[in-house]
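The residues making up each chain are set out below.
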Amino acid sequence: MRSDKKVSFPEFNHYNYALKYFIEQGLEADYVMAPQMTVRTMDRGAKNSPDYVCTPFKTTLGSMMDALEAGADTLIMVMGLCRLGYYAELQEQVLRDLGYEFDFINLAQYSTGKKRDYIKALKRINPKMSIPKITKAIADAIKMAEYLDEAESIYYQNCGFEKVRGSYKKLRTKFLSAMETASSRRDIDAAYNRFKRDAAQIPLDKPRNPLRVGVLGEFYTVMDPFSNLNLEQKLADMGVEVHRFMNITNRMLRYRAKNLAVETADYCEYEMGPTSTANIWSAKHYADKGFDGLVHVKSAGCTPEIDIMPVLQNISADYKIPVLYLTYDSQTSDTGLDTRIEAFYDMISMRKKVI
């Protein structure tokens, strides 16, 4: 039996497509895609947020406001290991104080580690849900998230070298559209297989040893193009092969905490935060592979990422690899970012020629 709920979640890169699939195919409820974020989204979120919260709080708050005004009546918010764990409770109160009426599912309240408690959260969307159906939908949605990450990796490593400008963007848009409208595992697999096949056929003018940059940083900002002002696209457009370990697949599905801790033992003895070990490992991995530079991304006030900056400086000194540190807040502009990226590109390009 279908639910009459209209569910939404703050915009987060393209992962909303996987959540949409799960809500519609597994829970048989309507999913309201949060409108694409704009400067207005950020401004409204910042205006109604406490002064010293980290930037993703402001972004996701503004996106929730957009989603409610687009017709959603139920919002979902995740839990986390840093201040993200407190987002939901405070954001719900802010939205209610602003006069919005909605049902709010704070997953932090159900994070007991027991499956039955997560089922309680899902039953708030559809009390008559089918366990076999949601089990299958979860597996399909996870596979979609993996495909989204793999396609994004292929895109940013190659789009800067296409012979016909716009070829990769056109293909990627087609792929994302197919993922948004997918209603079965067959649709998901077919869309990814088409993307991979067609991407392999796009003519490239790629040098034998291109400039390679590893991007790492805070979980939300480093993955979300709106939040980092399309950092990866800007680098790719300069003719850079862009790599990023931090994504949903690597951090949530394939994370090897003990192994990464062993591999980074020379630089950190303890776990320093939700993404710290992964980012230290990424930096060391890219340095070992002879990358030309690293870009570290964080939101203003992100304590775990501030803590690893001295470690990154040690890696930079040991491996002689340049690091560009970028901090984003609600006032960060494209102009200032472009200037810093261009200077970084010029520096690593000249350095590569000398080496």
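By convention here, each chain's residues receive numbers from 1 onward along its written sequence. Under the rules for a predicted model, residues below a pLDDT of 70 receive no local features and side-chain atom pairs below 80 are neither given nor counted, while totals for whole chains, interfaces and linings still include all residues. The side-chain figures draw on all heavy atoms in the structure; neither hydrogens nor water molecules are used.

**Student:** Is there a simple way to explain the pattern of salt bridges in this structure?
**Tutor:** Two side chains with opposite charge may pair up if their charged atoms get near one another. Each reported salt bridge corresponds to a side-chain nitrogen of Lys or Arg within 4 Å of a carboxyl oxygen of Asp or Glu. A full pass over the atoms with the stated rule returns 27 salt bridges. Its salt-bridge partner being Arg-124, residue Asp-103 comes within 2.7 Å of it at the nearest N-O pair. Taken together, the residues span a long stretch of sequence, with Asp-103 in strand β4 (residues 103–106) and Arg-124 in the loop between α5 (115–123) and α6 (131–158) at a distance of 21 residues. Among the salt bridges present, the one from Asp-189 reaches Arg-185, with a minimum N-O distance of 3.1 Å. Taken together, the positions of Asp-189 and Arg-185, both in helix α8 (residues 185–200) and four residues apart, correspond to about one turn of that helix. The network of salt bridges with common partners includes Arg-40, Arg-44, Asp-66 and Glu-69. To qualify as a helix, a DSSP run of H or I must reach at least 4 residues; to qualify as a strand, a run of E must reach at least 2; elements of each kind are numbered from the N terminus.

**Student:** Sorry, what's going on with α5 here?
**Tutor:** Structural remark: α-helix, 3.6 residues per turn; residues separated by three or four positions point the same way. Regarding α5, the residues found buried are Asp-117, Ala-121 and Leu-122. One side of α5 holds all its buried residues, which, seen down the axis, span an arc of 150°. Relative to its buried face, α5 has exposed residues pointing more than 90 degrees away, namely Lys-115 and Arg-116. What makes two residues a contact is simply this: any of their non-hydrogen atoms within 4.5 Å. Where α5 is buried, its residues meet α1 (16–26), β4 and α6. Under the scheme applied here, a residue whose accessible area is under 20% of the maximum for its type counts as buried, over 50% as exposed, and between as partly exposed, the area being computed with a 1.4 Å probe on protein chains only. The arc refers to the directions leading from the helix axis to the C-beta atoms.

**Student:** Where do I start with the environment of Lys-128 in this structure?
**Tutor:** Among the secondary structure elements, Lys-128 is positioned in the loop between α5 and α6. What makes Lys-128 exposed here is its relative accessible area of 56%. In the structure, Lys-128 is positioned 118 residues away from Met-246 in sequence and 36 Å away in space, judged by C-alpha atoms.

**Student:** Which parts of the structure should I look at to understand the pairing of β4?
**Tutor:** If a strand is regular, its side chains alternate between the two faces of the sheet. Along β4, one buried face is formed by Asp-103 and Ile-105 and the opposite face, lined by Phe-104 and Asn-106, is buried too. Note: strand β3 (residues 74–77) against β4, four bridges, orientation parallel. When the bridges of β4 are listed, Met-77 appears paired with Asn-106. Seen with its strands pointing away from the viewer, a crossover is right-handed if its path from the first strand over the helix to the second goes clockwise. Crossover connection from β3 via helix α4 (residues 84–97) to parallel β4: handedness right-handed. Strands are labelled as partners when DSSP assigns at least two bridges between them.

**Student:** Whenever I open this one, unusual backbone geometry confuses me. Can you help?
**Tutor:** Leaving glycine aside, a negative phi is the common case for residues, and trans is the common case for peptide bonds. A positive phi angle, near 50°, is found at Glu-28, a position not held by glycine. Considering the arrangement of structural elements, one finds Glu-28 in the loop between α1 and β2 (30–31). The phi dihedral of Asn-230 is positive, around 55°, even though this residue is not glycine. By the element assignment, Asn-230 lies in the loop between α9 (219–223) and α10 (231–237).

**Student:** Honestly, the sheet that holds strand β7 (residues 293–299) in this entry has me stumped. Any pointers?
**Tutor:** Through backbone hydrogen bonds, the strands of a sheet pair up, either in parallel or in antiparallel fashion. Spatially, four strands are ordered β6-β5-β7-β8 in an open sheet, and the strand pairing comes out parallel. Every other strand in the sheet has two partners, leaving β6 (240–243) and β8 (323–328) as the edge strands with one partner each. Strand-to-strand twist in this sheet, taken as the mean axis angle between neighbours without regard to direction, amounts to 25°. Both β7 and β8 contribute to a ladder of six bridges, which runs parallel. Across the sheet, the residue bridging to Leu-294 is Val-323, located in β8. The angle between two axes is taken between their N-to-C directions and runs from 0 to 180 degrees, where each axis is a line fitted to C-alpha atoms and a helix contributes only its stretch in contact.

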